[in-house]
Amino acid sequence: DVKVTQSSRYLVKRTGEKVFLECVQDMDHENMFWYRQDPGLGLRLIYFSYDVKMKEKGDIPEGYSVSREKKERFSLILESASTNQTSMYLCASSWRGYEQYFGPGTRLTVT
Amino acid sequence: AQSVTQPDIHITVSEGASLELRCNYSYGATPYLFWYVQSPGQGLQLLLKYFSGDTLVQGIKGFEAEFKRSQSSFNLRKPSVHWSDAAEYFCAVDKDTGRRALTFGSGTRLQVQP
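Asker: Would you mind going over the sheet that holds strand β7 (residues 65–70) of chain A in detail, with residue names and values included?
Answerer: Residues and elements named next belong to chain A. Strand order across the open sheet formed by four strands is β1-β3-β8-β7, with antiparallel pairing between neighbours. Unpaired on one side and paired on the other, β1 (4–6) and β7 mark the two borders of the sheet. Neighbour-to-neighbour, the strand axes of the sheet open up by a mean angle of 20°, direction not taken into account. Two elements, β7 and strand β8 (residues 73–78), share four bridges in a ladder whose sense is antiparallel. Looking across to β8, one finds that Lys70 is bridged to Arg73.

Pasting the structure below:
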């Protein structure tokens, strides 16, 4: 079975802090994704990566950056966290254009 | 604008009743189509997918969905709902048919009454 793990289930950070969210997949998938999930808005794509060191902006990249130094690991970085970045963050991976497998999510609260 | 619409924010059904969750998309070409389910506190799990071919697709947990090109719809159905089906359901499309990124609807929360 594909396994996508995220470094934390719950995270509380202060405004202005630099925040790292880590995601690891164990199935040698090419593609990895970061979404944020907010009530009534569904999931919105922040960034995705289709290869090591490659990245593309999604629909809401402002305030975020990403890093993919190894195929299995995809990091989401909040350079200076703000309260409007309080959300659930979901990581996913996929092989080519097929179904995405999701991690359990990280609920981030910025105070 | 290109989008995915789930018109029902919240649906309540009785256990044993049938279920239909609606999904419409507004893309010119036929995209790849997916239904995911999210149980409380969990990540998303794929229920079923449509890429091409037979327009009625079967998924896990007794769910099925029908692609209707003329209506730009991909509605999810289940003939008899179980209490464990209470969850949030998301329709998603890969509008670039293989480019990899998904666009999600806003979700439908299903409540099941005993």
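Asker: Before we move on, could you go through unusual backbone geometry and cite the residues and values that matter?
Answerer: Residue and element names in this part refer to chain B. Backbone geometry places Lys61, a non-glycine residue, at a positive phi of 60°. With relative accessibility at 44%, the residue Lys61 sits in the partly exposed group. If you check the backbone angles, Ser72 has positive phi at about 50° while not being a glycine. Within the secondary structure layout, Ser72 lies in the loop between β8 (64–68) and β9 (73–78). The class for Ser72 is partly exposed, based on a relative accessible area of 22%.

Asker: I'd love a proper account of the state of the cysteines, names of residues and values included.
Answerer: Such a bond, covalent and formed between the sulfur atoms of two cysteines, is termed a disulfide. Residue and element names in this part refer to chain B. Evaluation of the coordinates by the stated rule reveals two disulfides over all chains. Bridging Cys23 to Cys91, the disulfide has an S-S length of 2.0 Å. Its torsion about the S-S bond being -65°, the disulfide of Cys23 and Cys91 is classed as left-handed. One end of the pair, Cys23, is in the loop between β3 (19–21) and β4 (24–25); the other, Cys91, is in strand β10 (residues 87–94), and 68 residues separate them in sequence.

Asker: I'd like a rundown of the interface of chain B and chain A, residues and numbers included.
Answerer: At the interface, 22 residues of chain B touch 22 residues of chain A. Between chain B and chain A lies a buried interface of about 1700 Å² when both sides are counted; carbon and sulfur atoms form 56% of it. The interface formed by chain B and chain A contains one salt bridge. Here Glu99(A) makes a salt bridge to Lys49(B), at a shortest N to O gap of 3.6 Å. Linking chain B with chain A are two residue pairs in polar contact (both at pLDDT 80 or more).

Rules and cut-offs
- Residues numbered from 1 in each chain as written.
- Chains lettered and ligands numbered in written order.
- Predicted model: local features only at pLDDT ≥ 70, side-chain atom pairs only at ≥ 80, totals over all residues.
- Heavy atoms only, no water.
- Pairing = 2+ DSSP bridges.
- Helix = DSSP H or I, 4+ residues; strand = E, 2+ residues; numbered from the N terminus.
- Axes fitted to C-alpha atoms, helices over the stretch in contact; angles between N-to-C directions.
- Buried < 20%, exposed > 50% of the residue type's maximum accessible area, 1.4 Å probe, protein only.
- Disulfide = S-S within 2.5 Å.
- Contact = heavy atoms within 4.5 Å.
- Buried area = accessible area lost by both parts, 1.4 Å probe.
- Salt bridge = Lys/Arg side-chain N within 4 Å of Asp/Glu carboxyl O.
- Polar contact = N/O pair within 3.5 Å; in protein donor to acceptor, adjacent residues only side chain to side chain.

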